[in-house]
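Geometric and topological summary
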Amino acid sequence: KVVRMKPKVSTSFSCVKTVESVYTGGQVEWFKDMAFTLARGAVNVVRKGEVISMLKEEEDQIISFTLAGSDTEVTVVTAHKSGLVRIWDCLVVEQPKVIRTFRSIHSGAISVLGLHTLSGSHSGTVLATGGTEGTVKVWDLTSQYFTHNFRTSSTVCSSLTFHPHKLLLYGGFSTGGLFCWDLTNSKLVQSMEAHFSVVTAFSITPCGLKGVSCGRDAVCVVWDLTSHSKVSTVPVFSPVEGMVMMDSLKVVLATGDKLAVWDLNTPAKISEAEMGCDVTSLRGQVDTLHCTTSDHNLLTISQTNLAVTGCTVGNNDEVLDLVLMGESNTHLAVACNSPAIRLYSRDTWNCVLATGHTDTVLCLATCP
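Remember, it's a predicted structure, so these values are computed and weren't measured experimentally.

Next up on the list: the overall build of the protein chain. Helix and strand counts for the protein chain come out as 0 helices and 32 strands. Referenced to the eigenvectors of the C-alpha coordinate spread, the extents of the protein chain come out at roughly 100 × 45 × 35 Å. Sequence separation of at least 24 residues holds for 34% of the intrachain contacts in the protein chain that already meet a minimum separation of 6. With the model as given, the accessible surface of the protein chain reaches about 18,800 Å², and the carbon-plus-sulfur share is 51%. Within the protein chain, one finds 28 positive and 33 negative side-chain charges whose respective centroids are separated by 6 Å.

See the structure below:
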């Protein structure tokens, strides 16, 4: 009689690495090697594709935020669904702590925030908050009091920019309005009329003499900030979702699924690069660009040649197939609800997107 032995099957496993969802759409800000992502009513602090900490308040969702930092201080300001504004100390990023809470006194939700550090005789840190009811409010965080309340006939505030050398604040709105206010006397300096759709960004040259606004009406407008008059209107032939000023009137624009470098002096397009999917936001650091895409990827891009140097997959969604590949199975290929294949290194877990398909990849196979 032949005795058949049941094969031993291990049922005890320990988790070595988890590739989880870190971004599902919305606002993202970068500081050094970290990305602060808004997800599920909280702010995730992401480093190398992992959530290392979270800014969260129970039963009070975060709807927008901003941050400013240096080597000695990292401040994050969050706006909540309840109307409260919280200031976080994130110098020890693994242990963020709330250092102050106050009520925003906006009658609607806060759609955008901006932090600015003053220099000279007006030293300190100021916070600007733009609401969905068409108002902009300014707060002195150093002296801890409310300083300005600017009202407009527009609706949702879409961008806030402080002048680098003067006490001026610029606000863009969803109706195409662009306004400049003087913080010394609380007066409207100029209503800068040029756009017919959402103003998505306003950037100022390092010298502070000229500015550039862009919007979803597919134009960039160059402004003389001495007289606040329009210098020129440059059609870029696609809605602009983000802009980074490189140097004097040389900008990087996020248009559709491309990043394009424009010289607005000429004006002419210098170069462009495809990102594989629609770009939803664009931020800049020293010699580096960061952008988000509609399929929830966080890309790091070289400013010199627009080459992708890093990628964090924010959300893999539904995983359809997995396969190990390379010598000694050094890489893991993942097929998700996306035309791009995720290729992970099992040593560092860095990810590269393998493009080529035009629709969802359903299955994978390797050849020995």
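Resuming the write-up.
Quick look at the sheet that holds strand E5 (residues 62–69) now. To summarise the sheet geometry, strands pair through backbone hydrogen bonds and adopt either a parallel or an antiparallel arrangement. Strand order in the open sheet formed by 4 strands is E5-E6-E7-E8, with antiparallel pairing between adjacent strands. Two strands in the sheet have a free side with no partner beyond their single neighbour: E5 and strand E8 (97–103). In this sheet, neighbouring strand axes are inclined to one another by 20 degrees on average, regardless of whether the strands run parallel or antiparallel. Where strand E7 (residues 84–89) and E8 come together, 6 bridges link them in antiparallel fashion. Counterpart to Ile87 in the pairing with E8 is Arg100.

Let us now look at the side chain of His148. With respect to the element layout, His148 can be found in strand E12 (residues 145–151). By relative accessible area, His148 is classed as buried at 11%. A polar atom in the side chain of His148 sits 2.7 Å from the side chain of Thr147. Reaching out from His148, the side chain makes a polar contact with the backbone oxygen of Leu183 at a distance of 2.7 Å. Those residues in contact with His148 that sit more than four places away from it in its chain are Val136, Lys137, Val138, Leu183 and Ser186.

Further remarks concern the layout of surface pockets. Considering only enclosed or pocket space, the second largest pocket measures out at about 900 Å³ in volume. Lining the second largest pocket are 45 residues, with Leu298, Leu299, Gly310, Cys311 and Thr312 sitting closest to its centre. Counting residues per element, the ones that place at least two in the lining of the second largest pocket are strand E2 (34–39), strand E3 (42–47), strand E26 (288–293), strand E27 (297–302), strand E28 (308–313) and strand E32 (351–354). Element by element, the count of residues in the lining of the second largest pocket is highest for E28, at 6 residues. The residue inventory of the lining of the second largest pocket, partitioned by class, reads 19 nonpolar, 18 polar and 8 charged.

What counts and how
Residues numbered from 1 in each chain as written. Predicted model: local features only at pLDDT ≥ 70, side-chain atom pairs only at ≥ 80, totals over all residues. Heavy atoms only, no water. Helix = DSSP H or I, 4+ residues; strand = E, 2+ residues; numbered from the N terminus. Contact = heavy atoms within 4.5 Å. Areas by Shrake-Rupley, 256 points an atom, 1.4 Å probe, with all protein chains shown as cover. Lys, Arg positive; Asp, Glu negative; His and termini not counted. Charge placed at Lys NZ, Arg CZ, Asp CG, Glu CD. Pairing = 2+ DSSP bridges. Axes fitted to C-alpha atoms, helices over the stretch in contact; angles between N-to-C directions. Buried < 20%, exposed > 50% of the residue type's maximum accessible area, 1.4 Å probe, protein only. Polar contact = N/O pair within 3.5 Å; in protein donor to acceptor, adjacent residues only side chain to side chain. 1 Å grid on protein atoms, 1.4 Å probe; cavity = no way out; pocket = protein on both sides within 12 Å on 5 of 7 lines; lining within 4 Å. Points joined across faces, edges and corners; volume = space filled by probe spheres on them. Nonpolar A, V, L, I, M, F, W, Y, C, P; charged D, E, K, R; others polar.

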